[in-house]
Amino acid sequence: MYRGSMPRPRGDHDARRRDVSEAVWRVLTAHGFGGLTMRAVAAELGASTGLLTHYFPGKRDLVAHALDLLEQRTVDRPRRTADEGLPALRAALLDILPLTDKDTDASRIWVSSWDTALADPAWTADYARKYGQGRDRVRDLVVAAQVLGELPAGDPAHLAAGAQAFVLGLTVQALFDPAAFPPRRQIELLDDYLARLSAAGHSR
């Protein structure tokens, strides 16, 4: 029997797909979504673009895989832990900031993906869902802090939206000007934001 017609063992296929995913991630880390091409991934993998078509028939399939990979790595990354209330909210917001080299790489990839997501209505809606879920998680933490009297009463969804907007804006500034926004200053700014938010409730 002709060997080329024999199906590859499943383990080999899964290992190869993991290799492809790692190559996609390295391209994203180095060049962002703007540099994500079949040719770039093939070069990183040391393979032909023809091989990649077994995994990604077209550019959109490659981008879709990259978006899924980015989301999965975000979900799987280690998280800070803290007691309930304001410390838990602080920990969750710190997890969003680019405070380490690895977090900075991931944040750069996220920001580079925005243009790609905005160019496709389906991906735009998916990103709106993702950020909405993020606000929901922050809202639940705000509610817990309100119950403990650590944050002012009011619409927790409104406070969560403000907190999310604050850390995302700070992330963008830190990516563009890391010298002006090193990790220590990012943490200081977040702590100042939370202190003002907390003080607003106690001043009433």
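Calculation notes
- Residues numbered from 1 in each chain as written.
- Predicted model: local features only at pLDDT ≥ 70, side-chain atom pairs only at ≥ 80, totals over all residues.
- Heavy atoms only, no water.
- Helix = DSSP H or I, 4+ residues; strand = E, 2+ residues; numbered from the N terminus.
- Rg over C-alpha atoms; globule rule 2.2 N^0.38 Å.
- Buried < 20%, exposed > 50% of the residue type's maximum accessible area, 1.4 Å probe, protein only.
- Areas by Shrake-Rupley, 256 points an atom, 1.4 Å probe, with all protein chains shown as cover.
- Lys, Arg positive; Asp, Glu negative; His and termini not counted.
- Charge placed at Lys NZ, Arg CZ, Asp CG, Glu CD.
- Axes fitted to C-alpha atoms, helices over the stretch in contact; angles between N-to-C directions.
- Parallel < 35°, antiparallel > 145°, perpendicular 65-115°, else oblique.
- Contact = heavy atoms within 4.5 Å.
- Nonpolar A, V, L, I, M, F, W, Y, C, P; charged D, E, K, R; others polar.
- 1 Å grid on protein atoms, 1.4 Å probe; cavity = no way out; pocket = protein on both sides within 12 Å on 5 of 7 lines; lining within 4 Å.
- Points joined across faces, edges and corners; volume = space filled by probe spheres on them.

Visitor: I'd like to hear about the overall build of the protein, residue by residue, with values.
Guide: For the protein, the count of helices and strands is nine helices and zero strands. Reading the protein from its N end, one meets helices and strands in the order α-α-α-α-α-α-α-α-α. Relative to its length of 204 residues, the protein is extended, with a C-alpha radius of gyration of 21 Å against a globular reference of 17 Å. The principal-axis extents of the C-alpha atoms in the protein amount to approximately 80 × 35 × 30 Å. Relative to its 204 residues, the protein shows a buried fraction of 36%. Total accessible area on the protein is roughly 11800 Å²; 56% of this is exposed by carbon and sulfur atoms. Here the protein carries 26 positive and 26 negative side-chain charges, and the mean point of each set is 5 Å from the other.

Visitor: How would you summarise the packing of helix H6 (residues 101-118) against helix H7 (residues 121-147) if you had to cite specific residues and measurements?
Guide: The interhelical angle for the contact between H6 and H7, taken along N-to-C directions, is 135°, at an axis separation of 8 Å. Comparing the axis directions of H6 and H7 gives the class oblique. Contacts from Trp 110, Ser 113, Trp 114, Thr 116, Ala 117 and Leu 118 in H6 reach Trp 123, Thr 124, Tyr 127, Lys 130 and Tyr 131 in H7. Looking at side-chain class alone, the contact of H6 with H7 contains seven nonpolar, three polar and one charged residues.

Visitor: Tell me what's going on with the layout of surface pockets, and back it up with residues and numbers.
Guide: Of the volumes computed, that of the largest pocket is approximately 1100 Å³. If you go around the largest pocket, you meet 34 residues; those closest to its centre are Thr 74, Arg 77, Arg 79, Asp 95 and Ile 96. Mapped by element, the contributors of at least two residues to the lining of the largest pocket are helix H1 (10-31), helix H4 (59-76), H6, H7 and helix H8 (156-176). It is H6 that contributes the most residues to the lining of the largest pocket, eight residues altogether. In terms of residue class, the lining of the largest pocket is made up of 14 nonpolar, eight polar and 12 charged.

Visitor: Hey, could you go over the environment of Leu 67 for me, with residue numbers and the actual values?
Guide: Along the chain, Leu 67 falls in helix H4. Once residues within four sequence positions are removed from consideration, Leu 67 is found in contact with Phe 33, Ser 113, Trp 123, Tyr 127 and Lys 130.

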